[in-house]
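Letter by letter, the chains look like this.
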Amino acid sequence: MNPEPIIPETEDDPVIAEYDVYITPELQEQVYLLQFPNRDREQPYNFRHGAQPVEMRMKPKTNFMELDIATNVASNFDKSKGMLWGSAIKTAKESGAAGFGMSSGFGKGNRGNELFNPDKKGKKARDGGQPPLGKTRSERFDDANEAGKVLNKQTLGGQIVLPAEGKPMYMLGTFREKELHLTQVTGVCQMRPQFHHIDARSQIVKAAQLHKAQRANGETPRQSEARVVGQSARATGPDGEEMNVSGTSKFLTDAAEEPWTTLTFHDEDQEESYGIYAEKLFIAKEKLDSVPKLEAGMGNEMFLDAISSPRVELGLRPKRRAPLTRKERNELADEAVGS
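Quick caveat, the model's predicted, so the values are computed rather than measured.

Q: Tell me what's going on with the side chain of R176, and back it up with residues and numbers.
A: Its place among the elements puts R176 in strand β6 (residues 171-176). Classification of R176 by relative accessible area gives buried; the value is 18%. Sequence-distant contacts of R176, defined by excluding residues within four places in its chain, comprise H181, F282, I283, A284, K285 and L288.

What follows is the structure, given as structure tokens:
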């Protein structure tokens, strides 16, 4: 007979440290948590790691945010592709493209058929727009880079997710000695690479094809104008549920019409960043005694009920229906035959 199993004693779980927790007052400024899913945490976007952001912008109403990261064009850089994509973006913007991607309404309001004008291209060639002969490839690249025709930055972007009822609430935690200070986050945004250069190139190719077709038919290319289109069609998803097409169209229109607000970006190692960190994310020591104490609004049992599945009380389960008698089955059969 096997002996009874020996149950080892559970190891102690000692308290390693204790902290006084404080919740900072609501800030007038907005605090956003930026996440970079495609970037290793050991290589943050900062000056120390050679990837310093050069511009940051957002659209407060439609909650879009973008961040431009400088690219080192002197190392591990495809100069031919850099000139191709950079020239596409510059040409598209100079020809009326307000923006690219979802943050700009997928090009709503862009004057697409003006992006490629053969007449302008021919005039540029006649006026000496082509690079002078005799220049090396490196010299031509340097000239293009100075003229803003090189894609020398990477754009990251995303849409800000704001707190909602029933959803997790994020807070920033900062430590000062034996104190933990929590600051509520205004919104969370996952910053992913944006491919505006591909969108720009695609728009130019489509515009060139449109001009070619118009000239083949003997038509004169016309300048397009922004038009307001009323969306009245209804669409259904794969599950048959009606989709809010008009709401989506309005959202894209709002995103296209809202201008970008440029923000001032401070690197995390700059003195300004440390000053804001110390001033905004902590409660001043002289005010700690006057801070109201946080009290729980529910007990242990109420808290467990709030985070658990609905409880099934004993005796309240629905009773199983008794099987039909022979008489009831015969009556149902007669009704079925009569119908």
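Q: Tell me about the nonpolar core, and name the residues and values.
A: If you look at the biggest cluster of nonpolar residues, it comprises 11 residues: Y45, A51, M56, M58, M65, L67, I69, L156, I160, C189 and M191. Counting residues per element, the ones that place at least two in this core are β3 (53-59) and β4 (64-70). For this core, the leading source of residues is β4, giving three residues. Residues within four places of A51 in sequence aside, it is in contact with R39, P44, Y45, N46 and I69. If you look at the next biggest cluster of nonpolar residues, it comprises eight residues, including A88, A97, F100 and A200.

Q: Describe the pairing of β3, listing the residues and the values that go with them.
A: Moving residue by residue along a regular strand, the side chains alternate between the two faces of the sheet. β3 sits mainly inside the fold: five of its seven residues count as buried. Pairing of β3 with β4 involves six bridges; the strand directions are antiparallel. In the strand pairing of β4, M56 is matched with L67. Here β3 hands over to β4 after four residues, with N63 in that stretch at a positive phi of 65°. The sheet contact formed by β3 and strand β12 (residues 261-263) spans three bridges and is antiparallel. Looking at β12, one finds that M56 is bridged to L263.

Reading guide: rules and limits
Sequence order as written defines residue numbering, which begins from 1 separately in each chain. Thresholds applied to this predicted model are a pLDDT of at least 70 for local features of residues and 80 or more for the giving and counting of side-chain atom pairs; totals over whole chains, interfaces and linings are not thresholded and use all residues. Hydrogens are left out, water is left out, and the side-chain values use all remaining heavy atoms of the structure. Helix and strand assignments follow DSSP, with helices taken as H or I runs no shorter than four residues and strands as E runs no shorter than two, numbered in order from the N terminus. Categorising residues by exposure relies on relative accessible area from a 1.4 Å probe, with only protein chains included: less than 20% of the type maximum marks a residue as buried, more than 50% marks it as exposed, and the intermediate range marks it as partly exposed. We call two residues in contact whenever any of their non-hydrogen atoms come within 4.5 Å of each other. To qualify as a nonpolar core, a set must consist of buried Ala, Val, Leu, Ile, Met, Phe, Trp, Tyr and Cys residues joined through side-chain atoms within 4.5 Å. By definition, two strands form a pair when at least two bridges between them are found by DSSP.

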